[in-house]
Amino acid sequence: MFEITENPYRLVALDIGNTLIRQFRQGLRHALGLTDADGITLGVDPFQRPFEKFLLGESSEEEYLQGFFERFDGRWSKEEILKAHEAYLLPSIEGMPELIRNMVATGSHFVFFSDINPIHFRRFRALTVGEYDFITDAIRSDEVHALKPSEEMFKAFEKRFGKPDLYLDDRMDLVNVANARGWHAVQAGNAETLYKRLFS
């Protein structure tokens, strides 16, 4: 499906959420037995300051889960909270595993470049067994202690790997920042559209 005859992208920075797999924001609330409206009213949403600290590696997984447990007065067990956070992620975007594998077969080396935490990275690996296992290098927010589009994240990538030939991310704001920095960044989201843009 994704035939590549010439591949100029030797080093590729690769986002994870909504680039390789789908994020499903409502999944967390639904897993806790809440409607979206109830979840919003209660403030059950991963994107708040405690979650940001978790993404930044400023709190451990246990500390984050305990804080969530306490914030809602023990309404859910820590196991239920963990399962709910896992439900935030869905399997791979159709076609992306094949496209990435074909790029690797024709010379690309991929490095994850992602705002991510241990729960979601572990869940990503579990959902994509056999699909992206060959990608082992990563620049992660919880290890750098910074979030994209911070200078720290970009510098961490460049210091360890150099400037990439390609950066794939679903967020256009990050694509724009990267391009302004001199990277070659392209918005991802649909494998077929991405293939045509990269190799047509």
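Everything discussed here concerns the structure shown above.
Structure report, in brief. Note that the coordinates shown come from a computational prediction; the quantities given were computed from them, not determined experimentally. (Residues numbered from 1 in each chain as written. Predicted model: local features only at pLDDT ≥ 70, side-chain atom pairs only at ≥ 80, totals over all residues. Heavy atoms only, no water.)

## Some remarks on helix α5 (residues 78–86)
Where α5 is concerned, the buried positions are I81, L82, A84, H85 and E86. Looking at the buried positions of α5, the neighbouring elements they touch are α1 (25–31), α3 (49–55), α4 (61–71), β3 (89–92) and α7 (118–127). (Buried < 20%, exposed > 50% of the residue type's maximum accessible area, 1.4 Å probe, protein only. Helix = DSSP H or I, 4+ residues; strand = E, 2+ residues; numbered from the N terminus. Contact = heavy atoms within 4.5 Å.)

## What about the pairing of strand β1 (residues 11–14)?
Side chains L11 and A13 of β1 all project onto a buried face; the interleaved residues V12 and L14 project onto the opposite face, where all are buried too. Of the strand pairs in this sheet, β1 and strand β4 (residues 109–114) are connected by four bridges, and their pairing is parallel. Paired with L11 across the bridge in β4 is H109. In the sheet, β1 pairs with strand β6 (residues 166–169) via three bridges, with the strands oriented parallel. The partner of L14 across the bridge, within β6, is L168. (Pairing = 2+ DSSP bridges.)

## Notes on unusual backbone geometry
The omega angle of the peptide bond from K148 to P149 is 10°, so this bond is cis rather than trans. Assignment of secondary structure puts P149 in the loop between α8 (141–144) and α9 (151–161). Notably, N18 is not glycine yet its phi reads approximately 65°, a positive angle. At D73, a position not held by glycine, the phi torsion is positive, near 55°. With respect to the helices and strands, D73 occurs in the loop between α4 and α5. Judged by its relative accessible area of 73%, D73 falls in the exposed class.

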